[in-house]
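Summary of structural features
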Amino acid sequence: MKGLKSVISFEYTNIVKRKSYIISLAFYVVIILAINFIPAIIDFFSRDDAPVGIVANHAVILDEAPAHNFDPALLAEFFPEYNWAQVHNAQQLEEAVISGQAAFGLRFTDVNNVQMLTTDAAFAPSPHLLELLMREVANRHISDIHLSLADMDMTINHEFVALAQDEPLAGIDPDMLIGPAGSIVGNFALIIGIIAVMSSGGTIMASVMKEKTSKIVELLFTSASPTAIMLGKVIASALVALTTGIVLITATMVIVQFTDMGEVVIDAGILYAYPPILFVYIIIFIILAFISLSFIYAGLAATVSDTQESSTLAVMPMFIVLGAFYLGMGMLGNPSFISETFVRVISFIPFVSPFAMIARLNTMLLPTAEILLIIGLNMIYAVGAALLSARIYRMCIMLFGTKINLRFLFKRLTGR
Amino acid sequence: MLLEIKNINKFYGDNHVLKDVSFTASSSRTLGLLGRNGHGKTTCMKIIMGIIYGDSGEVLLNGAPLKNSGVKLGYLPEERGLYQKVQILEQMVYFGKLRGMSAAAARASAAGLLEKLGMTEYTKKKADSLSKGNQQKIQLGIALLNDPDIIILDEPFSGLDPVNSKILQNLILESVEKSKLIIFSSHQMAQVEEFCQDVCLIKHGEVKLTGNLREIKNSYPKDKILVITEAGEELKMDAPQDGDLSQIIAEFRQKGVGIESISVLKPSLLEIFLEKVGEGDEGA
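On a predicted model such as this, the values are computed, not experimentally measured, just so you know. (Residues numbered from 1 in each chain as written. Chains lettered and ligands numbered in written order. Predicted model: local features only at pLDDT ≥ 70, side-chain atom pairs only at ≥ 80, totals over all residues. Heavy atoms only, no water.)

1. Details of a nonpolar patch on the surface
On the surface, I277, F279, V280, I283 and I287 of chain A cluster together into a nonpolar patch covering about 430 Å² of accessible area. According to the relative accessible area criterion, I287 of chain A is partly exposed, its value standing at 45%. (Patch = residues over 30% accessible without salt bridge, like charges linked within 9 Å, V, L, I, M, F, W, Y side chains within 5 Å. Areas by Shrake-Rupley, 256 points an atom, 1.4 Å probe, with all protein chains shown as cover. Salt bridge = Lys/Arg side-chain N within 4 Å of Asp/Glu carboxyl O. Buried < 20%, exposed > 50% of the residue type's maximum accessible area, 1.4 Å probe, protein only.)

2. Re the pairing of strand β10 (residues 206-212) of chain B
Residue and element names in this part refer to chain B. Pairing geometry for strand β9 (residues 198-203) and β10, over six bridges, is antiparallel. Looking at the pairing, V199 lines up with G211 of β10. Taking the residues between adjacent antiparallel strands as the criterion, β9 and β10 are bridged by two residues, where H204 takes a positive phi near 45°. (Pairing = 2+ DSSP bridges. Helix = DSSP H or I, 4+ residues; strand = E, 2+ residues; numbered from the N terminus.)

3. Observations regarding the pairing of strand β7 (residues 150-154) of chain B
Residue and element names in this part refer to chain B. When you tally the buried positions in β7, you get five out of five residues, the bulk of the element. Inspection of the sheet shows strand β6 (residues 73-76) paired to β7 by four bridges, in the parallel sense. Bridge pairing links L73 to I150 in β7. Direction of pairing for β7 relative to strand β8 (residues 181-185): parallel, over a ladder of five bridges. Opposite I151, over in β8, you have I182 as the bridge partner. Where the polypeptide runs from β7 across helix α5 (residues 162-177) and back to β8, its parallel neighbour, the crossover connection is right-handed. (Right-handed = clockwise from strand over helix to strand, strands pointing away.)

4. So, the sheet that holds strand β13 (residues 259-265) of chain B
Residue and element names in this part refer to chain B. In spatial order, the strands read β12-β11-β13; together these three strands make up an open sheet with antiparallel pairing. The sheet terminates laterally at β12 (234-238) and β13, the two strands that pair on one side only. Across the sheet, the mean angle separating the axes of adjacent strands is 20° when strand polarity is ignored. Bridge count between strand β11 (residues 224-229) and β12: five bridges; the pairing is antiparallel. Residue pairing for β12: I225 is matched across the bridge by M237. Sitting on the sheet, helix α8 (residues 246-254) touches β11, β12 and β13, and the angle it makes with β13 is about 150°. (Axes fitted to C-alpha atoms, helices over the stretch in contact; angles between N-to-C directions. Contact = heavy atoms within 4.5 Å.)

5. Describing the environment of I228 of chain B
Residues and elements named next belong to chain B. With respect to the secondary-structure elements, I228 resides in strand β11. Residue I228 is classed as partly exposed on the basis of its relative accessible area, which comes to 23%. It is 5.4 Å that separates the C-alpha atoms of I228 and E260, two residues lying 32 residues apart in sequence. With residues near it in sequence (within four places) discarded, I228 still touches E233, E234, I259, E260 and S261.

6. Looking at the nonpolar core
Ranked by size, the top nonpolar core spans 142 residues in total, and within it L3, F23 and I183 of chain B carry the most contacts. Per-element accounting of this core gives the leading share, 15 residues, to helix α11 (residues 276-303) of chain A. Grouped together as the second largest cluster of nonpolar side chains are seven residues, I15, V16, Y21 and L25 of chain A included. (Core = buried A, V, L, I, M, F, W, Y, C linked by side-chain atoms within 4.5 Å.)

7. Structural notes on the packing of helix α12 (residues 307-333) of chain A against helix α14 (residues 353-361) of chain A
Residue and element names in this part refer to chain A. Between α12 and α14, the least distance of the axes is 8 Å, while the angle of their chain directions is 10°. Accordingly, the angle class assigned to the pair α12 and α14 is roughly parallel. Every residue of α14 that contacts α12 at V321, A324, F325, G328, M331 and L332 is listed here: F355, A356, A359 and R360. (Parallel < 35°, antiparallel > 145°, perpendicular 65-115°, else oblique.)

8. As for the interface of chain A and chain B
Listed as interface residues are 23 residues of chain A and, on the opposing side, 25 residues of chain B. Here chain A and chain B share an interface that buries about 2,300 Å² over both sides, 62% of which is from carbon and sulfur atoms. For the chain A face of the interface with chain B, the top three residues by lost area are F10, E218 and L219 of chain A, together amounting to 27%. Our count for the contact surface shared by chain A and chain B stands at one salt bridge. A salt bridge links K17 of chain A to E90 of chain B, with the nearest nitrogen and oxygen atoms 3.3 Å apart. The interface formed by chain A and chain B contains one residue pair in polar contact (both at pLDDT 80 or more). When residues of the side of chain A that touches chain B are traced back to their parent elements, those giving at least two are α1 (4-16), α7 (174-214) and α8 (216-221) of chain A. Residues that form the side of chain A that touches chain B fall into these classes: nine nonpolar, seven polar and seven charged. (Buried area = accessible area lost by both parts, 1.4 Å probe. Polar contact = N/O pair within 3.5 Å; in protein donor to acceptor, adjacent residues only side chain to side chain. Nonpolar A, V, L, I, M, F, W, Y, C, P; charged D, E, K, R; others polar.)

Below, the structure written as structure tokens:
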């Protein structure tokens, strides 16, 4: 498409070079830094410096999830075969295991996850302990247990438990397979999705409005097609979102590396059992939501003549997006609360569909054919939104000064 | 190159803004599009540029539709618009690239035009730091960036001081010498007379007058005569329709006023314009 590459490059450069963008990005990095340092600061002031009782060849426990019941005293009561001791951070745990002070270490990274560390190739958890851990998994208190043994890695998850208990996998509640990881990933994806759509929508609306009011658009139209201009803006906006994401993730990783505090987050282990294909689907749905709604925002911006009007009009897609977002959040919070038929139906509705699908993918097993069908439909919606918006854009931009209402718009679009 | 605008009609809602508009323009010549504000000049230019479509009619280049003819077009819109926060050279290169130029070619062309426009020192400046007149010059530079074959300029001289106006005139004349086809609208009749070989006068969306400017002036029935009396007084009056001056001479003799000289004056474009588009017409 003629001029598309130039529009993308120009729009992208224009946004990322803006002082407001650089300042807000720097602000986000500072926020991440603060978030990473807060636990360290709290820990620093609340740390108990009393010596940690680690007995040679005995187990240690790192309790990073105070909500559960695995405190050393309780463990000692149930598993007298081990002499339990508690450490205060991951480094102490690793040192105890590596130095041989402890036969193995159990690390409760949060209420749902346990890591087992050992350097002893011959080590195996006692049947007593293994049974308990498996029961915790089966009862959904823990989503998976990652055993990092000296020469092998093993994950105890629902599937493992089902096999160990000779139960068919089909008999397991499907959402158990995704479990708490699904809730976390789903919530995160919905938040990322809504932030991306709303911030990009605002940027695109402002850009279209500016070109319209400054009349640059007349020059643009003599140089490239309206579709190329709009598509360029949307792609540039997506690239800006990607740049922001890369900068923030990199900053997080660097900060984690230097502070050692984010290890809990990175090493949480909660995602071990999360199917990678779901990540792919979720990214696709976020991108499709982003593209479709960005086009709608651009089309809407073209119909108005000033910033105040555009803000008013922006409320309409915002309601759709927020409605879909809260619906998704509701589904993730309580999957059984919403009727399956209802969520299936809304999975086919344009613009709401990606959000509904993000929630569905993380709460229930869906047939691959249905997922692919909805992805295909969303692609069609995105193309439809692009074509419709390009038409509105071209028509309304050139009628600057004319009062445009829905009736007028409909008549013009249908050629009546 | 022959550009034919044939029977163009355009409606904005119920408002019939162009009514069967037809005229022609050819390369190495400049056509002045004249008319009062709101009478359809800009709409006509936008239709030629393909920014908007006419409801009926055709725009032909050498007998074939102009659209997709591959000919390069340059346009200076009536409304001046630039990216206010973007450097001048950067935005010129952007528009060059949009029109299919390589970045290097666009940069070279932009640098050359900035030099001709006397604006080299503004290369790295942002548009919002430039005066209105200078922004207008940049826009003309953008219009000429890809060496277009057809150049359409909507009110190119409005708001320019005489020095900048002269710079623009030179640039337009240079384009005429390079066999470009130029159409421009203007309210400044003196400039139109100076530049244009052809004119098209539009009133309320209808073409009232079109063709070669000299022929129009020659054929225009309302010549003036200039009488210089022996006392040195200059008197201007309408020439008789039959061209016979003897009756006027007789009237002067009767009043006892001696005549030094008497000459016939062709009407100015301004006079034709005022006559055709109408004094006392409120316009749109």
